[in-house]
Amino acid sequence: MNFLGPRFIVLYVLILFTLCVLLVHLRGRSRLRFDRQLVDHSAIFAPYNLLMYAFSAVPARPILDRRGFPQLDLLQTNWQTIRQEAMHLFDEGFIRSAEKHNDASFNSFFKQGWKRFYLKWYGEPLASAEALCPETVKLLNSIPSVKAAMFALLPPGSKLNPHRDPFAGSLRYHLGLITPNSDECRIFVDGEMHAWRDGKDVVFDETYVHWAENRTDQTRVILFADVERPLKSGLMTAINKRVGAFMGSITASPNSDDGKEQVGFVNRMFALNQRGRERTRKFKKANPKLFRVVKYIGIVLMIWLIFLAPYPFFRGDA
């Protein structure tokens, strides 16, 4: 038996991948169920994330010491300027969900009422952001380690379920802009709580399990940013920049649907899939009996392709 054959190599890769997911799963006190973790989008990056943790120049803690990121002082110092531009966007309804299912990264959040307005996304600022909130964009552009940023809205009574963000190449920054200033509007990161307040900020590792809730009757708006994770190795830093830029390009999402802002490959595919699912639901509702017939024919065809087609007897080649 050839233990270095293609089948065994695939088996070894699957075992190694599962071990990587397990190590990520065991990191921290709060965890998803392991069966869910295995199929969660964060599992895809488990091998890469372990590399980031190994070379990380910041402690392995859910909520980090904000004083370790002095470059972010500029944002906190100017929080009222940022708040003023955020309030204009909020009042005019620019902070909103993706209308054409072209933001896979946050699709599940939209169902809970969460909304966003992108300022920059792993590259140049969005044109709409430069036009509508130039002072905020100028501040963000002056801090190279801030790779992505948006205004994020959480309405009254909303809750974002426990989840891990997939990419450990960055850390998350939140700056309170329009908040209820209450402990009832908060985020838990691996069980540690931070309550948003106007002008107060926090840096945390979003690859720990975290969840959020707004149990007040007021809307919360924050500046939400991805800050490049400090690493001990120059080579790993260079690799992380390249990986981050690539991931940003394929997950870009526009603020509006006028076609003037980039939509990344992942979001284009996600939008196509969502439109396909909507058409399927409409077909099923209009033709329930025909839908069942087509469904079962498809199942039989799939079984034949997987189990019977490879054998000559069933192709008449015997």
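Residues numbered from 1 in each chain as written. Predicted model: local features only at pLDDT ≥ 70, side-chain atom pairs only at ≥ 80, totals over all residues. Heavy atoms only, no water.

- Going by an unreviewed UniProt entry, the protein carries the name Beta-hydroxylase and comes from Luteibacter jiangsuensis.
- In UniProt, the protein has this text filed under Sequence similarities (unreviewed entry): "Belongs to the aspartyl/asparaginyl beta-hydroxylase family." (UniProt positions renumbered as here; feature names shortened; annotations may be inferred.)

**Looking at the overall build of the protein**
(1) Moving on: Counting its secondary structure elements, the protein contains 11 helices and 10 strands.
(2) Moving on: Seen along its three principal axes, the alpha-carbon backbone of the protein occupies a region of about 80 × 50 × 35 Å.
(3) Moving on: Looking at the protein as a whole, 45% of its 318 residues qualify as buried.
(4) Moving on: Taking the contacts inside the protein whose residues are at least 6 apart along the sequence as the reference set, 72% of them involve residues at least 24 apart.
(5) Moving on: When the accessible area of the protein is evaluated, it comes to approximately 17,300 Å², of which 61% is carbon and sulfur surface. (Helix = DSSP H or I, 4+ residues; strand = E, 2+ residues; numbered from the N terminus. Buried < 20%, exposed > 50% of the residue type's maximum accessible area, 1.4 Å probe, protein only. Contact = heavy atoms within 4.5 Å. Areas by Shrake-Rupley, 256 points an atom, 1.4 Å probe, with all protein chains shown as cover.)

**A closer look at helix H3 (residues 46–55)**
(1) Moving on: Of the positions making up H3, those classed as buried are Ala 46, Tyr 48, Asn 49, Met 52 and Tyr 53. Relative to the axis of H3, the buried residues are bounded by an arc of 155° and lie together on one face. (Arc of directions from axis to C-beta.)

**Some words on the sheet that holds strand E9 (residues 210–214)**
(1) Moving on: Judged by pairing direction, the sheet is antiparallel, and its four strands sit side by side in the order E4-E9-E6-E7 without closing on themselves. Strands at the two margins of the open sheet, each flanked by one partner only, are strand E4 (159–163) and strand E7 (192–195). Here the average twist between neighbouring strands, direction ignored, is 15°.
(2) Moving on: Examined bridge by bridge, strand E6 (residues 185–189) and E9 share five bridges and lie antiparallel to one another. Within E9, the position partnered with Arg 186 by the bridge is Glu 213. (Pairing = 2+ DSSP bridges. Axes fitted to C-alpha atoms, helices over the stretch in contact; angles between N-to-C directions.)

**A closer look at the nonpolar core**
(1) Moving on: Residues Leu 75, Phe 106, Trp 114, Leu 119, Phe 151, Tyr 173 and Leu 223 are the most contacted members of the largest nonpolar core, which totals 72 residues.
(2) Moving on: Per element, the largest residue contribution to this core is eight residues, and it comes from strand E3 (residues 146–154).
(3) Moving on: The contacts of Leu 75, once residues within four sequence positions are left out, are Ile 82, Leu 139, Leu 140, Ile 143, Tyr 173, Leu 175 and Leu 223. (Core = buried A, V, L, I, M, F, W, Y, C linked by side-chain atoms within 4.5 Å.)

**Description of the packing of H3 against helix H9 (residues 234–250)**
Each pair of packed helices gets described by two things: the angle between the helix axes and the distance between those axes.
(1) Moving on: Following both chains from N to C, one finds H3 and H9 inclined at 145°, their axes separated by 11 Å at the closest point. In this structure, H3 crosses over H9, and the sense of that crossing is left-handed. Residues Tyr 48, Leu 51, Met 52 and Phe 55 of H3 form the contact with H9, whose own contacting residues are Met 236, Ile 239, Asn 240 and Val 243.
(2) Moving on: Taken together, the residues of the contact of H3 with H9 sort by class into seven nonpolar, one polar and no charged. (Left-handed = near helix turned anticlockwise from the far one by under 90°. Nonpolar A, V, L, I, M, F, W, Y, C, P; charged D, E, K, R; others polar.)

**Some words on the environment of Ile 44**
(1) Moving on: Within the fold, Ile 44 resides in the loop between helix H2 (34–39) and H3.
(2) Moving on: With relative accessibility at 60%, the residue Ile 44 sits in the exposed group.
(3) Moving on: Spatially, the C-alpha atoms of Ile 44 and Val 146 are 24 Å apart, while their sequence positions differ by 102 residues.

**Here's the deal with the pattern of salt bridges**
(1) Moving on: Within this structure, the stated rule accounts for 19 salt bridges.
(2) Moving on: The residue Glu 135 makes a salt bridge to Lys 138 at a minimum N-O spacing of 3.8 Å. With Glu 135 and Lys 138 both in helix H8 (residues 134–141) and three residues apart, this pair spans about one turn of that helix.
(3) Moving on: For Glu 135, a relative accessible area of 37% gives the class partly exposed.
(4) Moving on: Under the relative-accessibility criterion, Lys 138 is labelled exposed at 54%.
(5) Moving on: Taking the shortest distance from any N to any O, the salt bridge between Glu 228 and Lys 147 comes out at 3.4 Å. Of this pair, Glu 228 sits in strand E10 (residues 220–228) while Lys 147 sits in strand E3, placing them 81 residues apart in sequence.
(6) Moving on: Glu 228 sits in the buried class, given a relative accessible area of 15%.
(7) Moving on: Using a relative accessible area of 25% as the deciding quantity, one classes Lys 147 as partly exposed. (Salt bridge = Lys/Arg side-chain N within 4 Å of Asp/Glu carboxyl O.)

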